[in-house]
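Read off the chains here:
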Amino acid sequence: MIKVKELGNLTSTKKPTRLRKVASMSPILYPFYLLFCFSLPSGIQSSDLQILMKLKSALQTSNTNVFSSWESGNSIYNFTGISCNSDDSITEIELPYQNLTGVLPLDSICQLQSLEKLSFGFNYLHGPIMDDLKNCVKLQYLDLGNNLFTGWSVPKISSLSQLQYLHLNASGFSGIFPWKSLQNMTGLVWLSLGDNPFNPTPFPNEVLLLTNLTWLYLSNCGIQGTIPAEIGNLKELINLELADNNMTGEIPVEIGNLVNLWQLELYNNSFTGKLPIGLRNLTKLEMFDFSNNYLEGDLSELRFLSNLVSLQLYQNELSGQVPAEFGNFTKLVNLSLYRNSFTGPLPYDLGSWAKTDFIDVSENFFTGPISPDMCKHGTLRGFFMLQNNLTGEIPASYANCSTLRRFGVRNNSLSGNIPIGIWGLPNVATIDISFNDIEGPITSDIKNAKSLVNLLAGHNRLSGELPTEISEVTSLKSIQLNDNRLTGEIPYMICNVSFLEIWDIANNGLKGKIPQCLGNFSYYLRVMNLGMNNFQGTIPDTFAKGNQLRTIVFNDNNLEGLLPKSFINCTNLEVLDLGNNKINDLFPYWFEALTNLQVLVLKSNKFHGPIGNHNTSGVFFFKLRILDLSHNELTGLLPRNYFENFNAMMISDEGRHEPHYMGESSQYQDSVVVTVKGVEIKLERILTIFTTIDLSSNKFQGVIPEVLGRLTILRLLNLSHNSLTGHIPSSVAKLSALESLDLSSNSLTGEIPLQLTDLTFLAMLNLSQNQLIGPIPQGKQFATFENNSYDGNLRLCGFPLSIKCSTNTLMPPLLASIFQEDNNSSFARGFGWKVVLIGYGCGFLFGLVMGCIVFLNGKPQWLARIVEGERNNKKRKPNNQRPRQRGNECI
């Protein structure tokens, strides 16, 4: 980042003080002096005045008072932002931060022959920078940075050979920057061109010749390629910033020659290799940022940089231990090492000598205890050690850190009770201790945490009741206390937390009734997860219109009664899980109005009656991706009209919105449990790609609809334990993403469609306990399934079963199925059935001979399929081995 810290005497804005010399003059000469000042140089002032008036006119739409002193009757010396030299010539126009808007009339401005400083930074100027700028040949200081010159390029300015300070940063300039213009600016000490979308270019050689540079800001301006070794020649540099570019390669060792550096920033590039030898020479360095690269190796080169104030190395591939010397750095107040591969313990004294402000060492492999003294000086605001292997207890010293705003130690192996006082830190906005083994209660002093926004303590061993004082923390937006050992009832006063967005207390030992107010206590509530507790009674029927709820999870409780009709007001609802309760109701057709629903789980309740196949028109459930109605008492036919509307199971969309809410530091992630072959699997973070239909263990009848074949990205289909009849539709083979198929324990008949071998992702198959017949398809995924996939189908044959396929086992079902396929042909209605009867009654050989006669005379090919089937199945081999040829079957 560019720091506004000027160097040199050109930043002076003092106005000439010639009139002050009058005090040493004789009183007699005073009138003559005034006459000289205001009349003798009138020609020069008149010319300059006209130029300034034109500038004022060009910027007249500005919302500023800066030009109130620019009046023709006023002396130029009194014009705000204007300075003159002893010859009454204007040398400086300095108008930064004045809210100016318009186009600069450089054709006029550059007629000021003595102009040395032109400063218009931090305004709203726009339009082109005219070529007339090259006429300001005496300019030593030019600042047009932080304006709105979007879409315009920088003209050639090689004539400005006296420039020492050039500020054009963050002004929207684009195109090709005239790098060759810098060749003549050998006295340049400050070059700031960053944050402009210039055309990509390698590091400009012209910059490497500016050996007087002290400040070089080229971040985010299209520089690509490597840093040249000649960078080491710029030994006067105090600041070097090349961040946010497309630079690659290793950082040259010559950078170690820049011993005067105070700030070095190379973040957000693609640098590789180790930290270069020689960095230890940069002992004046205070600001160091190499974040977001691909650097590797350890930090041994940095252990000598004892003047560091800020060290940012996050998101690299660095490893090894943090040098012990870091614990003695007396100025280090900001340390960010997250997302690397550091190991070992952190220095015990880390942060104890400095007034530490922020530390983030998350997502590494640090071990050992937490350093106890990082808030020793009472200045710590941000503390993050998430996702490491830290052990021990949270040091008690942090309970006194009243400055702390964010405290995160999630996903470690911390244990023991949380120190008394941490719950009630007065300025803390986020407490994240989730995924540890921390014990003890949430104490009543939480009422003192008046700034607390995110309380994240899930997956620990917290116990006791929820303190009623938590309702006094009205700033709370996220309460996540899931997967603990909390007991008691929900404090009714919790409904006072009117800004709450996430309320997750799942998987505890809470009991009692769900408070009636929970349906509408917070307009902002997105997530309500009360699952896996011991709540009883009915679900409150108080969900108000206009609510923002996206996730409602009440699964695995003892809830009963009817579904609340006020669910219809949850028009933003994406996830609804009421599974494993005792709800006794008809299937709620009115759910069809919840057009944003993506996950619907009603399994293991007492829902009864038919679903779908009614006269409702329109589009519904078109976003649904997970449907689990298993283990209920639903009846009737499978809901064909629902299947026709499941668009989200038909079309792959990688950019689909994931059904979860993750606000700042909330870390909430929706999840759902699906059952695959009796094994429950928790799906998390993949809801956008997983699609499932589970209608098992109900009382559905009829056939499996062909329309299921449209759900081409369905991954799990379970229709087991119903009373379904008919054939397995061949359209199931169109479910190209299917990974699990369970049709077991029904009354399905016919053969297993050969097309199912096209399901190359199928990993689990269960067709057991049906009335299927004929050969099991061979090859591909079917070579991996075991006997239990087909148990209870007494007339199946072929691998992996021990029953080999023969004429006696194949002929009747094949004939029956072929007859069914060709029952629309006139031949089948006439002669075909006679052939079948003859073949069946008089022996297979006679039937086969008759079939050959018909086949050889060009009759319909259904009989030819009998012949070919007999040839291929008489001695079928496993694993797609080709059967041995037998002679001409028609002789």
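Here the structure is shown first, and the text comes after it.
Owing to the predicted nature of the structure, the values given are computational and were not obtained by experimental measurement. (Residues numbered from 1 in each chain as written. Predicted model: local features only at pLDDT ≥ 70, side-chain atom pairs only at ≥ 80, totals over all residues. Heavy atoms only, no water.)

## Description of the side chain of N169
Here is step 1 of the chain: Within the element layout of this structure, N169 appears in the loop between strand 7 (165-167) and strand 8 (190-192).
Here is step 2 of the chain: Among the polar contacts made by the side chain of N169, one reaches the side chain of S192 at a distance of 2.9 Å. (Helix = DSSP H or I, 4+ residues; strand = E, 2+ residues; numbered from the N terminus. Polar contact = N/O pair within 3.5 Å; in protein donor to acceptor, adjacent residues only side chain to side chain.)

## Structural notes on empty space enclosed by the protein
Here is step 1 of the chain: Per the stated rule, a full pass over the model turns up six cavities of 30 Å³ or more.
Here is step 2 of the chain: When its volume is computed, the second largest cavity comes out at roughly 60 Å³.
Here is step 3 of the chain: Residue lining of the second largest cavity: L332, V333, N334, L335, L350, G351, T356, F358 and I359, and that is the complete set.
Here is step 4 of the chain: Where the lining of the second largest cavity is concerned, the elements lending two or more residues are strand 20 (334-336) and strand 22 (358-360).
Here is step 5 of the chain: Residues belonging to the lining of the second largest cavity are distributed by class as follows: six nonpolar, three polar and no charged. (1 Å grid on protein atoms, 1.4 Å probe; cavity = no way out; pocket = protein on both sides within 12 Å on 5 of 7 lines; lining within 4 Å. Points joined across faces, edges and corners; volume = space filled by probe spheres on them. Nonpolar A, V, L, I, M, F, W, Y, C, P; charged D, E, K, R; others polar.)

## Here's the deal with the side chain of S566
Here is step 1 of the chain: Inspection of the secondary structure puts S566 in the loop between strand 39 (558-561) and strand 40 (575-577).
Here is step 2 of the chain: Within the local environment of S566, its side chain forms a polar contact with the side chain of D541, the two groups lying 2.6 Å apart.
Here is step 3 of the chain: Reaching out from S566, the side chain makes a polar contact with the backbone nitrogen of T542 at a distance of 3.4 Å.
Here is step 4 of the chain: With residues near it in sequence (within four places) discarded, S566 still touches P540, D541, T542 and F543. (Contact = heavy atoms within 4.5 Å.)

## Quick word on the nonpolar core
Here is step 1 of the chain: In this structure, I93, F120, L264, F383 and W503 are the most contacted members of the largest nonpolar core, which totals 214 residues.
Here is step 2 of the chain: Secondary structure elements with two or more residues in this core: helix 2 (42-58), strand 1 (82-84), strand 2 (90-94), helix 3 (106-109), helix 4 (205-208) and helix 5 (640-643).
Here is step 3 of the chain: Counting residues per element, this core draws most heavily on helix 2, at four residues.
Here is step 4 of the chain: The contacts of F120, once residues within four sequence positions are left out, are L55, L59, I93, L95, P96, L100, L104, L125, D143, L144, G145 and N147. (Core = buried A, V, L, I, M, F, W, Y, C linked by side-chain atoms within 4.5 Å. Buried < 20%, exposed > 50% of the residue type's maximum accessible area, 1.4 Å probe, protein only.)

## Re the environment of T749
Here is step 1 of the chain: Its place among the elements puts T749 in strand 53 (residues 747-750).
Here is step 2 of the chain: Along the primary structure T749 and N770 are separated by 21 residues, whereas in three dimensions their C-alpha atoms are 7.0 Å apart.
Here is step 3 of the chain: Beyond its immediate sequence surroundings of up to four residues, T749 is in contact with G726, H727, I728, Q771 and L772.

## What about the sheet that holds strand 53?
Here is step 1 of the chain: In spatial order, the strands read 43-45-49-51-53-55-56; together these seven strands make up an open sheet with parallel pairing. The strands lining the two open edges of the sheet, one partner per strand, are strand 43 (608-610) and strand 56 (795-797). The average angle at which neighbouring strand axes cross in this sheet is 20°, direction not considered.
Here is step 2 of the chain: Summarising the sheet, strand 55 (residues 771-775) and strand 56 pair through three bridges and their orientation is parallel. Bridge pairing in strand 56 links I773 to R795. (Pairing = 2+ DSSP bridges. Axes fitted to C-alpha atoms, helices over the stretch in contact; angles between N-to-C directions.)

## Digging into the state of the cysteines
Here is step 1 of the chain: Using the criterion set out here, one finds four disulfides in the structure.
Here is step 2 of the chain: The partner cysteine of C110 in its disulfide is C136, sulfur to sulfur 1.9 Å. Here C110 and C136 share a disulfide; its torsion about the S-S bond, -100°, makes the bridge left-handed. In this pair, C110 sits in the loop between helix 3 and strand 4 (117-119) while C136 sits in the loop between strand 5 (124-125) and strand 6 (141-143), placing the two residues 26 residues apart along the sequence.
Here is step 3 of the chain: One disulfide bridge connects C495 with C517, the sulfur atoms lying 1.6 Å from each other. As the torsion about the S-S bond is roughly 60°, the C495-C517 disulfide counts as right-handed. Here C495, found in the loop between strand 33 (485-488) and strand 34 (502-504), pairs with C517, found in the loop between strand 35 (509-513) and strand 36 (527-529); they are 22 residues apart in sequence, far enough to count as distant. No difference in accessibility class separates C495 from C517, as the two residues are buried. (Disulfide = S-S within 2.5 Å.)

## Looking at the pairing of strand 23 (residues 365-368)
Here is step 1 of the chain: Both strand 21 (residues 341-345) and strand 23 contribute to a ladder of three bridges, which runs parallel. If you follow T343 over to strand 23, its bridge partner there is F365.
Here is step 2 of the chain: One ladder, built from two bridges, connects strand 23 with strand 25 (residues 389-392); its direction is parallel. When the sheet's bridge partners are listed, G368 is paired in strand 25 with L390.

## Overview of unusual backbone geometry
Here is step 1 of the chain: The omega torsion across F799 and P800 is 10°, close enough to zero to call that bond cis.
Here is step 2 of the chain: Mapped onto the elements, P800 comes out in the loop between strand 56 and helix 6 (807-821).
Here is step 3 of the chain: At H459, a position not held by glycine, the phi torsion is positive, near 60°.
Here is step 4 of the chain: With respect to the helices, strands and loops of the structure, H459 is situated in the loop between strand 30 (454-456) and strand 31 (461-465).
Here is step 5 of the chain: Residue classification places H459 among the partly exposed positions, given a relative accessible area of 25%.
Here is step 6 of the chain: Look at N507: it is not a glycine, yet its phi comes out positive at around 60°.
Here is step 7 of the chain: Positionally, N507 belongs in the loop between strand 34 and strand 35.
Here is step 8 of the chain: Under the relative-accessibility criterion, N507 is labelled partly exposed at 31%.

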